[in-house]
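So you can see what is in the structure, the chains are spelled out below.
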Amino acid sequence: MHKDNQPLIFEMTKEGRVGYSLPELDVPEVDLSELLGQELVREELAELPEVSELDIMRHYTALSNRNHGVDSGFYPLGSCTMKYNPKINESVARYSGFANIHPLQEESTVQGAMELMFDLQEHLKEITGMDEVTLQPAAGAHGEWTGLMMIRAYHEANGDTHRTKVIVPDSAHGTNPASATVAGFETVTVKSNEHGLVDLEDLKRVVGDDTAALMLTNPNTLGLFEEDILEMAAIIHGVGGKLYYDGANLNAVMSKARPGDMGFDVVHLNLHKTFTGPHGGGGPGSGPVGVKADLIPYLPKPLLVKKGEGYAFDYDRPQSIGRVKPFYGNFGINVRAYTYIRTMGPDGLKKVTEYAVLNANYMMRRLAPHFDLPYDRHCKHEFVLSGRRQKKLGVRTLDMAKRLLDFGYHPPTIYFPLNVEEAMMIEPTETESKETLDDFIDAMIQIAREVEENPEIVQNAPHTTVINRLDETKAARKPILRYHKPTDSE
Amino acid sequence: MKHRFLPMTQQDEKEMLEVIGVQSIEELFSDIPEKVRFQGEYNIKPAKSESSLTKELAQLASKNADSVRYASFLGAGVYDHYKPIVVDHVISRSEFYTAYTPYQPEISQGELQAIFEFQTMIAELTGMDIANSSMYDGGTALAEAGMLAAGQTRRKKILVSAAVHPESRDVVRMYALGQSIDVVEIPLKDGRTDMDALKEMVDENTATVMIQYPNFFGQVENLKEIEPIVHEAGALFTVSSNPLALGALTPPGKFGADITVGDAQPFGIPEAFGGPHCGYFAVTKKLMRKVPGRLVGETTDDEGRRGFVLTLQAREQHIRRDKATSNICSNQALNALAASVAMTALGKQGAKEIAIQNITKTHYMKQQLKKAGFEIAFEGAHFNEVVVKTKSSVKELNAALFEKGMIGGYDLGLSYDEFAGHMLIAVTEQRSKEEIDAFVQEIDAFVRELEASHA
């Protein structure tokens, strides 16, 4: 990778070049200003690029070379489950019968797509232990909000309009409190105890008849299984609240413990994490929501149902919360997740979890002598180290993360969860080999040694990337969020 | 059984268990209480080999009627457009699609720069100051516009035109419900927003007025006339717009829109049974710090090299938690990339040409329908869509069209009681004159036959 700027595509423009091929206009031309009125005819054209097809390929290939994905190298970004994205998924999602169908076609002409969706729902019901599933939410946070809106509707239907609070642990993903706010709830934080688990005493203190729900990730963001889950369920259900499962960490417990059996009433899944819809540089995801029987009436509409030999969308659902998204969800991602589940089967999904957990524990044990391990017990699919030992030597976790870039790795999630100082959250996933883990561990140990012997090399990292650390303060203070074509005077 | 995505060998497993100091993998799950332990394996379909699974799923896909084998006249918010082949080649580069959110800018410059370019292209097309990095889809983007407006104006009422996509209106209502915001519909007049009703309805409690441009019926709303009504009441002007149309139409920014949202699906993104598509969100500079979702900004490193970072993150859920402007986290980044490539391929001239082709072909369809004696519901210019009174059941008509290899239009009666028996017909640049003629001929023949059987 060379360190020169890759020009913006706008800077490659040359008037008169084209990169498209439209069909010939085979109907009579019209006079736009006559048809639309002069005011509606665009005068200044949008300044889009003017480049050839090769220019396009070269530009985006150059950009791709300045980007690190799972296929480029190890990507142990905690809580994101950066596992291998199977190529079969990509092929299947591009089958014309899946990619080129319209959501409003007559149902009789899209039965194959509906069958796939229905069978995916059936698989997700079994995997989560829930009674019904909707595929409508577009991503995890969207699923959270959908689930909370259902809980809200459930309480309201019971005349429970005073349930205004959603309890969230201090270690929760930021989306949990944000989704609660969007759904109109007030967030109450429950503390973690010295073992990194929800403090039951504090939970008892914050619950009440105003509790709508508790949102919980299990295992939590420290990678630790909430052992008191049944007691917690009893506390929440005891005051009439509902238990919400954030499925971001499902990769840790497949075939080992199902949310539905732990007492959860609502579950969302991140199909782009556990079920290999690719992360896409930040999306699209897919966030299906599963519920227990008493919440089925509130599911978003339409609900996909089996009807005789075929499938149908059921719109006649008077208690439904309504529509959370146009159409039926991110179908293309759901196709990928379904392909993955069918590839792995029951034996494969069980091994996925077992190896994800084995990999994480192996890494944790090998790294523990070199960094602080705030919670010393078996982890699940991820674990959290603290860089406080290195901080005392003047090197921050951020510096160590940047140093990892020089070794060709994407760093772990850093400074999260919030309840660990200088946190590094490492999630290897099951698709990485022991050799990859060992190489990464060696790099981490070397960095720990550098912190003691030659801290500058870490503090000034990265040294090998296409760009050095960027001035984020400047970016925020005087935001430049788009390119402007220079005027003639410039 | 061996699995090709799982590299663990027995030897690896043994060595790793030794390092951990446990006898078996099972011990690592000893913290899960016995009462909640799942025993055995899931009762799901068994694993399939690569070739047998692709065979099965290809057969399943072939049960669906796709817009390659059938000439599609169905739009209603999702369109069969020209998808430059180069788009799929770019988004198939796995450095893009196997990466996540660009949290580490030094190794994510490719994604960050591509999104910066996307933001620029959307801002250019919409005539707005800035755009974000994408939303889930046009419907949720519109709903988020409502939330932004309510927060900004501290008002609790949204006025949404009945000519906005019905499913988007449903989503606006859902989001508003959570925030206890009222959503009131502005009625239609001749297939457009009823201006007299709008003037009546807008008041000091109105946070925003939402107009679709071109609207659900393909009519081009008079934004110039609407804008002062909205702003005089102190409300924000939200426009939902098909960005492809803006290649030829005066952009909402020129008419004083505060927020312009929509879906970039028409630019290179497959219909995919309704998703994933690509919402966009563009605003005036004044609202920059209220935008939901991610923003990419330009900056420099210590050697003065230009680079890109995620910026203004203090708005977002991972920093602000319950005080965030939105709960959105994952967005539609890969589809924003797809749309960028399509917008780049079309470019300055192609964006105009494709928009004009859509207007021209829709106009041709309208003329042919009129010639055949059909009643067109609304007059004026049309983009992509034209509403025709079918004199029959739309469902039966579509069944007849399907027999002839065509996917018919949208049954408007499903969303508007007053338009029972009306079909919303979409025409894009993909439909040839021959296909349009065949379509008109077929519905004409169907209706004649129907009339003959009643006679």
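Residues numbered from 1 in each chain as written. Chains lettered and ligands numbered in written order. Predicted model: local features only at pLDDT ≥ 70, side-chain atom pairs only at ≥ 80, totals over all residues.

K.L.:
Just give me the short version of the overall build of chain A, but keep the residues and values in it.
P.N.:
What chain A contains, in helices and strands, is 16 helices and 12 strands. What you see for chain A is a C-alpha radius of gyration of 25 Å, in line with the 23 Å of a compact globule of 490 residues. Going through the 490 residues of chain A one by one, you find that 59% of them count as buried. Within chain A, residue pairs in contact and separated by at least 24 positions form 73% of the contacts whose partners lie at least 6 positions apart. (Helix = DSSP H or I, 4+ residues; strand = E, 2+ residues; numbered from the N terminus. Rg over C-alpha atoms; globule rule 2.2 N^0.38 Å. Buried ≥ 20, exposed ≤ 12 C-beta atoms within 10 Å, placed from the backbone. Contact = placed C-beta atoms within 7 Å.)

K.L.:
Summarise the sheet that holds strand β10 (residues 383-386) of chain A; cite the residues concerned and give the values.
P.N.:
All names here are of chain A. Pairing is antiparallel in the open sheet, where 3 strands are placed in the order β10-β12-β11. Taken across any chain shown, the strands that pair with only one partner, and hence form the sheet edges, are β10 and β11 (413-414). Bridge analysis of β10 against strand β12 (residues 423-426) gives 4 bridges, and the strand direction is antiparallel. Bridge pairing links Leu385 to Met424 in β12. (Pairing = 2+ DSSP bridges.)

K.L.:
Would you mind going over the environment of Ile91(B) in detail, with residue names and values included?
P.N.:
Looking at where Ile91(B) falls in the secondary structure, it is placed in helix α3 (residues 85-91). What Ile91(B) contacts, discounting residues up to four positions off in sequence, is Phe96(B), Tyr97(B), Leu334(B), Leu337(B) and Ala338(B).

K.L.:
Provide a residue-level description of the interface of chain B and chain A, including the pertinent values.
P.N.:
Often, the extent of an interface is quoted as the loss of accessible area upon association of its parts. With 169 residues of chain B at the contact, the number on the chain A side is 171 residues. Counting residues per element, the side of chain B that touches chain A draws most heavily on helix α11 (residues 333-371) of chain B, at 24 residues. Considering only residue class, the side of chain B that touches chain A consists of 80 nonpolar, 51 polar and 38 charged. (Nonpolar A, V, L, I, M, F, W, Y, C, P; charged D, E, K, R; others polar.)

K.L.:
Give me the lowdown on the confidence of the model for chain B, citing residues and values where you can.
P.N.:
Model confidence for chain B is summarised by a mean pLDDT of 96, while 100% of its residues fall at 70 or above. As scored by the predictor, the complex reaches a pTM of 0.98 and an ipTM of 0.97. (pLDDT = per-residue confidence, 0-100.)

K.L.:
Let's hear about the sheet that holds strand β7 (residues 206-213) of chain B: which residues, and what values?
P.N.:
Residue and element names in this part refer to chain B. Read across the open sheet, the 7 strands follow the order β2-β10-β9-β8-β7-β3-β4; overall the sheet is mixed. Unpaired on one side and paired on the other, β2 (130-131) and β4 (182-186) mark the two borders of the sheet. Here 2 bridges tie β2 to strand β10 (residues 279-283), and the two strands are oriented antiparallel to one another. Opposite Ile130, over in β10, you have Val283 as the bridge partner. Packed on one face of the sheet, helix α6 (residues 138-153) meets β3 (157-161), β7, β8 (236-241), β9 (259-263) and β10 and runs near 160° to β9. (Axes fitted to C-alpha atoms, helices over the stretch in contact; angles between N-to-C directions.)

K.L.:
Can you tell me about the packing of α11(B) against helix α13 (residues 433-454) of chain B, naming the residues and giving the values?
P.N.:
Pairs of packed helices are described in terms of their axes, by the angle between the two and the distance that separates them. Residue and element names in this part refer to chain B. Between α11 and α13, the least distance of the axes is 10 Å, while the angle of their chain directions is 30°. Between α11 and α13, the crossing angle belongs to the class labelled roughly parallel. Considering how the two elements wind past one another, α11 and α13 form a crossing that is right-handed. In contact with Lys361, Tyr364, Met365, Gln368 and Leu369 of α11, α13 contributes Ile436, Asp437 and Val440. A breakdown of the residues in the contact of α11 with α13 according to their chemical character gives 5 nonpolar, 1 polar and 2 charged. (Parallel < 35°, antiparallel > 145°, perpendicular 65-115°, else oblique. Left-handed = near helix turned anticlockwise from the far one by under 90°.)

K.L.:
Just give me the short version of unusual backbone geometry, but keep the residues and values in it.
P.N.:
Note that the residue after Gly283(A), namely Pro284(A), is joined by a cis bond; omega there is 0°. Mapped onto the elements, Pro284(A) comes out in the loop between β6 (266-269) and β7 (289-291). Phi angles above zero are rare outside glycine, and Ala76(B) is one such case at about 55°. As for its position among the elements, Ala76(B) is in the loop between β1 (71-72) and α3. With 26 C-beta atoms counted inside 10 Å, the residue Ala76(B) sits in the buried group. One non-glycine residue, Phe273(B), lies in the positive phi region at around 55°. Assignment of secondary structure puts Phe273(B) in the loop between β9 and β10. Phe273(B) sits in the buried class, given 29 other C-beta atoms within 10 Å.

K.L.:
Describe the packing of helix α6 (residues 140-157) of chain A against helix α7 (residues 175-182) of chain A, listing the residues and the values that go with them.
P.N.:
Residue and element names in this part refer to chain A. At a closest axis distance of 9 Å, the pairing of α6 and α7 adopts a crossing angle of 45°. Judged on the interaxial angle alone, α7 and α6 are oblique. α7 is crossed by α6, and the crossing has right-handed handedness. Facing Gly140, Ala141, Glu144, Trp145 and Leu148 of α6, the residues of α7 in contact are Thr175, Asn176, Ser179, Ala180 and Val182. Residues that form the contact of α6 with α7 fall into these classes: 5 nonpolar, 4 polar and 1 charged.

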